[in-house]
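Examining the three-dimensional arrangement
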2 protein chains.
Amino acid sequence: MPQRLIRKLEHFTRLSDADKDALNGLGRKVRLCEAGTDIIREGDTPENVNLFLDGWAYRYKQLEDGRRQIVAFFVPGDLCDLHVFVFREMDHAIAAITPVRLAVIPREHLLNLMDRHPRVTRALWWETLVNAAIQREWTFNLGRRTALERLAHLFCEVFLRLRAVGLTEGNTCPFPVTQVELADATGLTSVHVNRTLREMRASGLIVFKGRQFTVPDFLALRKVALFNPNYLHLDHEGAYLNANA
Amino acid sequence: MPQRLIRKLEHFTRLSDADKDALNGLGRKVRLCEAGTDIIREGDTPENVNLFLDGWAYRYKQLEDGRRQIVAFFVPGDLCDLHVFVFREMDHAIAAITPVRLAVIPREHLLNLMDRHPRVTRALWWETLVNAAIQREWTFNLGRRTALERLAHLFCEVFLRLRAVGLTEGNTCPFPVTQVELADATGLTSVHVNRTLREMRASGLIVFKGRQFTVPDFLALRKVALFNPNYLHLDHEGAYLNANA
DNA sequence: CGCCCATTTGAGTTTAATCAAAAAACGTGG
DNA sequence: CCACGTTTTTTGATTAAACTCAAATGGGCG
């Protein structure tokens, strides 16, 4: 089941068949969450590691006065922190955008796997570090980019992340996110997001249809976003090594 | 030497004498960096894990057009990512604010330590997770807080982090950061930072003297910042357990 | 003393927020 | 397949927060 995760990890390192079997074993215990519900709440005690098999979700924090910030999106193949269970309680919540299918991984199971598959362990660490890098990039995005650049940057990132797990088709990728959520992710208001998207559509940077978008000219989008994909670390040696040999 | 780190980790879990000895062994190879210089640059290949023994630094990213964002501050006791060496190249840079004394930890040395001291390993994971939580909080800060709230929030965070490593004195703590750097950390301009600080001084929220600040009334500062310290996870069981018993 | 860096202030501008309401799209049950 | 309620998107008018540009002041240090 965790094909998306395996596919993503192979951007970093080639995995042996045994490695992949081990990763496949993670998908045993599955949990379903309805769209619009919280998968985990602030204050909850984290017991397991979650792997997103299907569907979209976001990590968010909220103030008492209602101000909300989405701090990350989860797409299939994503893992929440490898060691969440070290914390006594969650300092944020995760909500499902679409119906979500999760692999719920007991801590022992994961530790066991990491004991026996050093290459997988390294690959999972890479996943963790990439997530941290993405978080830093979001910090930059909110601090120093204009509304137009922020949105363009987010679309670039989402497109590449989805491509890494095989969820794009040509220049098109799924994007089941409302403008209100987009506003909460970019630190803008939904009104301003709407106006900026209109502008992007008008200049042909991006095309929205249904719950997906198309990027006619990635180079152009990348240019207005001032997007540098290096922080996704997708160009590692994975493609050139054979772990079975 | 890594007293600050040990002190911080003990907020999370009690460490045995053997654990502490092992951690002390990390401080063997020391590197000095001058104020104002880069400790590591974007594009460099990370070879070691860095532990900050003394001095302040910041992690930053910069655009070709000069826009810069500080995405984290490092204070004594902080570690950069435990597994940086998994990456082929750095996607950001780290610069010294003051003269910095670093412990340079070879990857083998660290892995070795983690093999033999599971309690330390867990504590180091906790450190890593707290850093990720701080990064998320910065994302929120930039996305949804006003200039005044952002600055107040940063002061709350810095104060608590420094207190956790024993670097505060009463309500006072060191803060060798210029207003330009403060602007780059909060996503503001230095002009606006200056005006907001004036306001904070006028209302008695904070007092600056030399390269330090004093918080006359933490509760008041915390209130204007809408600061919730839960993301620092400093209230774990560390204080109640004895690892030697 | 003089230089450099950091801070401070003023005046005018811009980006994005706010408030309010209409239009469009979506899903669902009849 | 249509009607209807709900959610999402869109638009307009006004306001406010933060930025820009420019210059003066202040502090620390050799």
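Conventions used here
Residues numbered from 1 in each chain as written. Chains lettered and ligands numbered in written order. Predicted model: local features only at pLDDT ≥ 70, side-chain atom pairs only at ≥ 80, totals over all residues. Heavy atoms only, no water. Core = buried A, V, L, I, M, F, W, Y, C linked by side-chain atoms within 4.5 Å. Buried < 20%, exposed > 50% of the residue type's maximum accessible area, 1.4 Å probe, protein only. Contact = heavy atoms within 4.5 Å. Helix = DSSP H or I, 4+ residues; strand = E, 2+ residues; numbered from the N terminus. Near = heavy atom within 4 Å. Polar contact = N/O pair within 3.5 Å; in protein donor to acceptor, adjacent residues only side chain to side chain. Nonpolar A, V, L, I, M, F, W, Y, C, P; charged D, E, K, R; others polar. Pairing = 2+ DSSP bridges. Axes fitted to C-alpha atoms, helices over the stretch in contact; angles between N-to-C directions. Salt bridge = Lys/Arg side-chain N within 4 Å of Asp/Glu carboxyl O. 1 Å grid on protein atoms, 1.4 Å probe; cavity = no way out; pocket = protein on both sides within 12 Å on 5 of 7 lines; lining within 4 Å. Points joined across faces, edges and corners; volume = space filled by probe spheres on them. UniProt positions renumbered as here; feature names shortened; annotations may be inferred.

**Quick notes on the nonpolar core**
Where a protein is soluble and globular, its nonpolar side chains tend to be buried together. Counting residues in each nonpolar core, the largest one holds 164 residues, and the members touching the most others are Phe155 of chain A together with Phe155 of chain B. Aside from chain neighbours lying at most four places away, what touches Phe155 of chain A is Phe175, Leu182, Leu197, Met200, Ile206, Phe208, Phe213 and Leu221 of chain A.

**Overview of the side chain of His83 of chain A**
Looking at the element boundaries, His83 of chain A is found in the loop between β5 (68–74) and β6 (93–96). Residue His83 of chain A is classed as buried on the basis of its relative accessible area of 3%.

**Observations concerning the protein's contact with DNA strand D**
Of all residues adjacent to DNA strand D, which total 15 residues, the nearest are Gln179, Asn194, Arg195 and Arg201 of chain A together with Ala147 of chain B. Residue Thr189 of chain B places a side-chain N or O atom 3.1 Å away from a phosphate oxygen belonging to DNA strand D. Those elements that place two or more of their residues in the surface near DNA strand D are α7 (190–202) of chain A together with α7 (190–202) of chain B. Broken down by element, the residue count for the surface near DNA strand D peaks at five residues, all from α7 of chain A. Per-class residue counts for the surface near DNA strand D are four nonpolar, seven polar and four charged.

**Structural notes on the pairing of strand β5 (residues 68–74) of chain B**
All names here are of chain B. Counting buried residues in β5 gives seven out of seven residues, a clear majority hidden from the surface. One ladder, built from six bridges, connects strand β4 (residues 57–62) with β5; its direction is antiparallel. The residue of β5 that forms the bridge with Lys61 is Gln69. In this antiparallel pair of consecutive strands, β4 and β5, the connection spans five residues, and Gly66 shows a positive phi of 100 degrees.

**Overview of the sheet that holds strand β10 (residues 212–214) of chain A**
Residue and element names in this part refer to chain A. The strand order across the open sheet built from three strands is β8-β10-β9, with neighbouring strands paired in antiparallel fashion. Lying at the two open borders of the sheet, with one neighbouring strand each, are β8 (172–174) and β9 (207–209). Neighbour to neighbour, the strand axes of the sheet diverge by 25 degrees on average, direction disregarded. When β8 meets β10, the two strands line up antiparallel, connected through three bridges. By the bridge assignment for β10, Thr172 is matched with Thr214. Relative to the sheet, helix α5 (residues 147–164) contacts β8, β9 and β10, its axis offset from that of β8 by approximately 90 degrees.

**Overview of the pattern of salt bridges**
Residue and element names in this part refer to chain A. Summed over all chains, the structure comprises 34 salt bridges over all chains. Between Lys20 and Glu10 there is a salt bridge whose closest N-O contact spans 3.3 Å. Separated by 10 residues along the polypeptide, Lys20 in helix α2 (residues 17–24) and Glu10 in the loop between α1 (3–9) and α2 bring together distant segments of the chain. Residue Lys20 is classed as partly exposed on the basis of its relative accessible area of 24%. Residue classification places Glu10 among the partly exposed positions, given a relative accessible area of 24%.

**A look at the layout of surface pockets**
Approximately 630 Å³ is the volume found for the largest pocket. Along the wall of the largest pocket there are 19 residues; nearest its centre are Met114, Asp115, Thr121 and Trp125 of chain A together with Asp115 of chain B. Of all the secondary-structure elements, those providing two or more residues to the lining of the largest pocket are α3 (107–116) and α4 (118–144) of chain A together with α3 (107–116) and α4 (118–144) of chain B. The biggest single contributor to the lining of the largest pocket is α3 of chain B, with five residues. For the lining of the largest pocket, the residue count by class is 10 nonpolar, five polar and four charged. Within this model, the second largest pocket holds a volume of roughly 310 Å³. In this structure, the second largest pocket is lined by 15 residues; those nearest its centre are Pro229, Asn230, His233, Leu234 and Asp235 of chain A. Of the residues assigned to the lining of the second largest pocket, the class counts are six nonpolar, four polar and five charged.

**A word on the UniProt feature "domain: Cyclic nucleotide-binding" (unreviewed entry) in chain A**
In this structure's numbering, the residues bearing the UniProt feature "domain: Cyclic nucleotide-binding" (unreviewed entry) are residues 11–131 of chain A. Within the segment residues 11–131 of chain A, helix and strand shares are 26% and 31% respectively, and the terminal C-alpha atoms sit 14 Å apart.

**Describing the protein's contact with DNA strand C**
DNA strand C sits among 15 residues. The nearest are Ala147 and Thr189 of chain A together with Gln179, Asn194 and Arg195 of chain B. Interatomic distance of 2.3 Å between a side-chain N/O atom of Arg195 of chain B and a base nitrogen of DNA strand C. Note that a phosphate oxygen of DNA strand C is positioned 3.1 Å from one of the side-chain N or O atoms of Arg198 of chain B. Counting residues per element, the ones that place at least two in the surface near DNA strand C are α7 of chain A together with α7 of chain B. Examining the composition of the surface near DNA strand C, we find that five residues originate from one element, α7 of chain B, more than from any other. Tallied by class, residues from the surface near DNA strand C come to four nonpolar, seven polar and four charged.

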